[in-house]
Amino acid sequence: MITLNALQRRYLRGQAHHLHPVVMIGDAGLTDAVMREVDINLKSHELIKVRVFGDDRDNRIAMMEKICTDLGAAPVQHIGKLLLIYRPAAKPKISLPK
């Protein structure tokens, strides 16, 4: 899992303001297909929003941690039912502040 400092998280939140969720997690939870879609979108976009259709906050936090741990990504923000996740590409498009 990648770690970000507060300045980097703030910068990424600003970059993600206009983004729409690209992956939706339903009642089935984190299936292999969902993890594959998250991985594909992280490779393509670096910074993505994921919408979780579930009311259990602890479950959403656990999903975010599992995604970030398994895919080598960084949790940026968890607000409501939206998860904001970042993983730099081989040739990064987003340059983070130090």
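Because the structure is predicted, anything quoted here is derived from the model rather than measured.

S.K.: Account for the sheet that holds strand β1 (residues 23-25), with residues named and values stated.
M.R.: In a beta sheet, neighbouring strands pair by backbone hydrogen bonds and run either parallel or antiparallel. Taken together, the four strands give an open sheet; going across it, the order is β1-β2-β4-β3, and neighbouring strands pair in mixed fashion. A strand with exactly one partner marks an edge of an open sheet, and here the two such strands are β1 and β3 (74-79). Within the sheet, the average angular offset between the axes of one strand and its neighbour, ignoring direction, is 25°. Both β1 and strand β2 (residues 47-52) contribute to a ladder of three bridges, which runs parallel. If you follow V23 over to β2, its bridge partner there is V50. Strands β1, β2, β3 and β4 (82-86) of the sheet are contacted by helix α3 (residues 57-71), whose axis makes an angle of about 160° with β3.

S.K.: Kindly report on α3, identifying the contributing residues and their values.
M.R.: The terminal C-alpha atoms of α3 lie 21 Å apart, and with 15 residues this matches the ideal 21 Å at 1.5 Å per residue to within 8%. Buried within α3 we find R60, M63, M64, I67, C68 and L71. For α3, the angular spread of the buried residues around the axis is 125°, confining them to a single face. Contacts made by the buried residues of α3 are with β1, α2 (32-45), β2, β3 and β4. Capping the start of α3 is the job of one residue whose side-chain oxygen sits 3.4 Å from the backbone nitrogen of D58: D56. Directly after α3, the chain includes G72, whose backbone phi takes a positive value near 65°.

S.K.: Which residues make up α2, and what values go with them?
M.R.: For α2, spanning 14 residues, the distance from its first C-alpha to its last is 20 Å, which sits close to the expected 20 Å at 1.5 Å a residue. All buried positions along α2 are accounted for by V34, M35, V38, D39, N41 and L42. The inward-facing, buried residues of α2 abut β1, β2, α3 and β4. Looking one or two residues past α2, E46 carries a phi angle of roughly 70°, positive in sign.

Criteria and cut-off values
Residues numbered from 1 in each chain as written. Predicted model: local features only at pLDDT ≥ 70, side-chain atom pairs only at ≥ 80, totals over all residues. Heavy atoms only, no water. Pairing = 2+ DSSP bridges. Helix = DSSP H or I, 4+ residues; strand = E, 2+ residues; numbered from the N terminus. Axes fitted to C-alpha atoms, helices over the stretch in contact; angles between N-to-C directions. Contact = heavy atoms within 4.5 Å. Expected span 1.5 Å × (residues − 1). Buried < 20%, exposed > 50% of the residue type's maximum accessible area, 1.4 Å probe, protein only. Arc of directions from axis to C-beta. Polar contact = N/O pair within 3.5 Å; in protein donor to acceptor, adjacent residues only side chain to side chain.

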